[in-house]
Amino acid sequence: MAVQKKTSAIKSSSKHLLGIQNLSIPEAKIILDEAKAFISLNRSASKKLDILRGKTQINLFFEPSTRTQSSFDLAGKRLGADVMTMNVGNSALKKGETLMDTAMTLNAMHPDLIVIRHQDSGAPNLLSQKVNCAVINAGDGRREHPTQALLDALTIINRKGKIEGLKIAICGDILHSRVARSNIYLMNMLGAEVNVIGPKTLMPSSIERLGVKSFTDMKKGLENCDIVMMLRLQNERMQGSFLPSKREYYEFFGLTPEKLKFASKDALIMHPGPMNRGVEIDTKLADDINVSLVKEQVELGVAIRMACLKIYCK
Amino acid sequence: MKEKILINARIIDPSQKMDEKGSIIIDDKGKIKAIGKNVKASDATSAEVVDIKNYIVIPGIVDMKAFVGEPGYEYKENFRTLSQAALAGGVTSVVTMPNTKPIIDNVSMVDFIIRRGRDKASINLFPCASLTRGIGGTEMSEFGLLSSKGIIGFTDVVKTIQNTETMARIMDYASDIGVLIMQHVEDYELSKNGCINEGEVSTRLGLEGISYIAEKIIIERDLSLLNEYPCRYHINQISSKESLDVIKKNKEKGLKFSVGVSINNLSLNENDIGDFKTFLKLSPPLRLEDDRIELVKGIKSGLIDVIVSDHTPEDEEGKRLPFAQAATGAVGIETLLPLALEMHHNESLPLMKIIETLTINPANILKLNKGSLKKGSDADICVFDLEKPWVVNGDELKSKSKNTSIEGRTLQGKVQMTFLNGEVVFKS
């Protein structure tokens, strides 16, 4: 089976999946290829494999998450691993235990994989220095969310056949978005042209240095774009005033059928979820299966995570 | 003590614009009796002879910003370990910060710190008290009472007086009694949760950044106030070229104030943070290479008066955390001079200028009779080998905490001997 091949290269070069920034182009392609094989498996009647039988996967979530956590949970189980999910947000850390203490405790239980989500950028990097198993970043602060970018890439490839040569717009709250950062790196690596669009107050400093063009006007930014990725307005991360109102934001940056016309004719819409309907995206547009890839993103997310777990598990 | 004569020395003393081969005679009270090329061994026949072996002799370094740890944070540093680290770095006078536990903001604390320092430390300690009570930023400390007890200056260390009215009153009051105000310059509304320079690196690492504007705006505010209330005002540390522009404009206008910079901001930039190295989480943050170069030029042109170590010992627990949560600061007193010498070796600063910012300039700002080897001065002396190469290894540093910002860096130049009041207190 194709799934069994091609994995040795990646193991030698990197032990952990901490971010797209740490990934080489061949490594990214191996993950994407590997995941393709799991798409059909996940659609079949019998979804269970035993590739990770006897392996232990710990999902360590310091931040609440629905889709990423359940996606990793399911991915591990479908590969036959024993999966334990810890929502740490409300236990040990509140008692003063540090991330390092938690890491040492978990390490003593001999896991083979730790999937971590943390509110602080760089937390997975720190964890990876202290544990013996592979660490997979499921989102850290505003830094990276590598599996989200990989699943987005897989979704695009699945629909458009390729990424190279495409023009991709990432719109909205770029400042607080790890999804935007990981996607910028990955789409650039795979040969796409990337525009970021958003109000100046939600644009990170020196963003052009990451290899994108930045726009504050949807009309200009969406021109000839094949993919329109909308981001959630992360109100929970905003202290103080970044925007006058949601109403004004929707007026200028919310994706509506009218604004979508600025993009290329067969443009497709993506969103990492959860969506604020009526804030960054028109609700009908979000549900329009002709243009919205939102459901497919979730579906292929499981395949991508299966590929990552398989590849990074020792 | 017995009279001493230091022979075969290259003496560099910016207070006398002296850079010459010669000898120094130290009298039996630990004061400089004679210095220079004209001093002969025959001038002190009964004296103990110390051969300096053509190393460089400078006045003992005056470090204007170091954290001791006592009381309250003895696990990070104490008077004894700080003294050892300082002397190994040729530092003989240290201005200590008041952000201890409890905070040094009242007379009884001053008594404690002076007594404790006298008993445990083997260097000259000059304690600062907080600018405001409890470093709360609102009520000014008892400037008059505290300075009469021996407090040399007032600072809230890494906190800034945010309220303009409070700052105006502090400066107005201080201008009358002549105390030194040392301000950390940072606008909190702008810096908020920031922990590194705002720019490409903060965007890539996903960390909240601190814009140079946060520093610049407080300097502009304080210098406007200083124009109205001319007190002794010192900016603890600056980090960006934009701050230098403001300083230049105001110094050219004739406004009197002084400016410091940390050795870290002169020898590192934001790229050194790499993959979340928390030992390089500093306040003010490391900025661009451009800023670093301009700061070095700022020293050359005299816009910046002093280089400080900003010695901030932190234990491993405080540093082994995700970057945003990790403690801020790095130890540096022991490596202050060797690291500063890099700017001589790479020809960006004259040696005389470097020594000036480490000795007579801080002494003058503090109105201390230190930092000079003029006849009659205390024989606090640093002897160093300008060329000796060595590699920084945190574990070998004398400080109780090992959080050096330059782990593994090869330095050129090392302290060989340190004298305090004429006695040898450190020997390599």
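Quick notes on the rules
Residues numbered from 1 in each chain as written. Chains lettered and ligands numbered in written order. Predicted model: local features only at pLDDT ≥ 70, side-chain atom pairs only at ≥ 80, totals over all residues. Heavy atoms only, no water. Helix = DSSP H or I, 4+ residues; strand = E, 2+ residues; numbered from the N terminus. Buried < 20%, exposed > 50% of the residue type's maximum accessible area, 1.4 Å probe, protein only. Lys, Arg positive; Asp, Glu negative; His and termini not counted. Salt bridge = Lys/Arg side-chain N within 4 Å of Asp/Glu carboxyl O. Polar contact = N/O pair within 3.5 Å; in protein donor to acceptor, adjacent residues only side chain to side chain. Contact = heavy atoms within 4.5 Å. 1 Å grid on protein atoms, 1.4 Å probe; cavity = no way out; pocket = protein on both sides within 12 Å on 5 of 7 lines; lining within 4 Å. Points joined across faces, edges and corners; volume = space filled by probe spheres on them. Nonpolar A, V, L, I, M, F, W, Y, C, P; charged D, E, K, R; others polar. Buried area = accessible area lost by both parts, 1.4 Å probe. Pairing = 2+ DSSP bridges. Right-handed = clockwise from strand over helix to strand, strands pointing away. pLDDT = per-residue confidence, 0-100. Axes fitted to C-alpha atoms, helices over the stretch in contact; angles between N-to-C directions. Expected span 1.5 Å × (residues − 1). Arc of directions from axis to C-beta.

**Brief notes about the side chain of Glu-144 of chain A**
Residue and element names in this part refer to chain A.
Thought 1: Within the element layout of this structure, Glu-144 appears in the loop between strand 4 (134-140) and helix 6 (146-160).
Thought 2: Of the side chains with opposite charge, Arg-143 lies nearest to the buried Glu-144, which makes no salt bridge, at 4.7 Å.
Thought 3: In this structure the side chain of Glu-144 is engaged in a polar contact, spanning 2.9 Å, whose partner is the backbone nitrogen of Gln-21.
Thought 4: Once residues lying within four places of it in the same chain are set aside, the contact partners of Glu-144 are Leu-18, Gly-19, Ile-20, Gln-21, Asn-137, Gly-139, Arg-178, Ser-182 and Tyr-185.

**Observations regarding unusual backbone geometry**
Thought 1: For the bond running from Gly-273 of chain A to Pro-274 of chain A, omega is -10°, close enough to zero to count as cis.
Thought 2: Within the chain, Lys-53 of chain B stands out as a residue other than glycine whose phi angle is a positive 60°.
Thought 3: As for its position among the elements, Lys-53 of chain B is in the loop between strand 4 (48-51) and strand 5 (56-59).
Thought 4: We classify Lys-53 of chain B as exposed; its relative accessible area is 57%.

**Things to note about the layout of surface pockets**
Residue and element names in this part refer to chain B.
Thought 1: Taken as a whole, the second largest pocket spans an internal volume of roughly 720 Å³.
Thought 2: Forming the boundary of the second largest pocket are 33 residues, of which Asn-99, Val-158, Lys-159, Ser-283 and Thr-328 lie nearest the centre.
Thought 3: Going through the elements one at a time, strand 6 (61-66) and helix 5 (188-191) are the ones with two or more residues in the lining of the second largest pocket.
Thought 4: Its residues assigned to classes, the lining of the second largest pocket shows 15 nonpolar, 10 polar and 8 charged.

**Side note on the interface of chain A and chain B**
Thought 1: Counting residues at the interface gives 23 residues for chain A, matched by 19 residues for chain B.
Thought 2: Carbon and sulfur atoms make up 51% of the area that chain A and chain B hide from each other, which totals about 1,800 Å².
Thought 3: At the junction of chain A with chain B, the criterion picks out 2 salt bridges.
Thought 4: Across the pair Arg-142 of chain A and Glu-208 of chain B runs a salt bridge whose closest N-O atoms are separated by 3.6 Å.
Thought 5: At the boundary of chain A with chain B, the tally comes to 7 residue pairs in polar contact (both at pLDDT 80 or more).
Thought 6: Secondary-structure elements contributing two or more residues to the side of chain A that touches chain B are helix 4 (99-107), helix 5 (123-130) and helix 7 (178-189) of chain A.
Thought 7: With 4 residues, helix 5 of chain A is the single largest residue contributor to the side of chain A that touches chain B.

**Topic: the pairing of strand 8 (residues 124-129) of chain B**
Residues and elements named next belong to chain B.
Thought 1: Of all 6 residues that make up strand 8, 5 are buried, and the element is covered over most of its length.
Thought 2: Where strand 7 (residues 91-96) lies against strand 8, 4 bridges are found, and the strand directions are parallel. For Thr-96, the partnering residue across the bridge sits in strand 8 and is Pro-127.
Thought 3: Where the polypeptide runs from strand 8 across helix 3 (residues 143-148) and back to strand 9 (residues 153-155), its parallel neighbour, the crossover connection is right-handed.

**Notes on the confidence of the model for chain A**
Thought 1: In the predicted model, chain A carries a mean pLDDT of 92, and 94% of its residues have values of at least 70.
Thought 2: Segment residues 1-9 of chain A: pLDDT under 50, and 14 contacts once partners within four positions in sequence are set aside and those in other chains are kept.

**Section: the sheet that holds strand 14 (residues 258-262) of chain B**
Residues and elements named next belong to chain B.
Thought 1: If you trace the 8 strands from one edge of the open sheet to the other, you get 6-7-8-9-10-13-14-15, paired in parallel fashion. The strands lining the two open edges of the sheet, one partner per strand, are strand 6 and strand 15 (306-308). In this sheet, neighbouring strand axes are inclined to one another by 30° on average, regardless of whether the strands run parallel or antiparallel.
Thought 2: The strands touched by helix 1 (residues 79-88) are strand 7 and strand 8; relative to strand 7, the strand with the most contacts, the crossing angle is about 135°.

**As for helix 10 (residues 289-300) of chain B**
Residue and element names in this part refer to chain B.
Thought 1: With 12 residues, helix 10 extends 17 Å between its outermost C-alpha atoms, agreeing within 8% with the 16 Å of an ideal straight helix rising 1.5 Å per residue.
Thought 2: Looking only at helix 10, the buried set comprises Asp-291, Arg-292, Leu-295, Val-296, Gly-298 and Ile-299. What you see down the axis of helix 10 is that its buried residues fit within an arc of 155°, all on one side.
Thought 3: Immediately beyond the C-terminal end of helix 10, within one or two residues, lies Gly-302, with a positive phi of roughly 85°.

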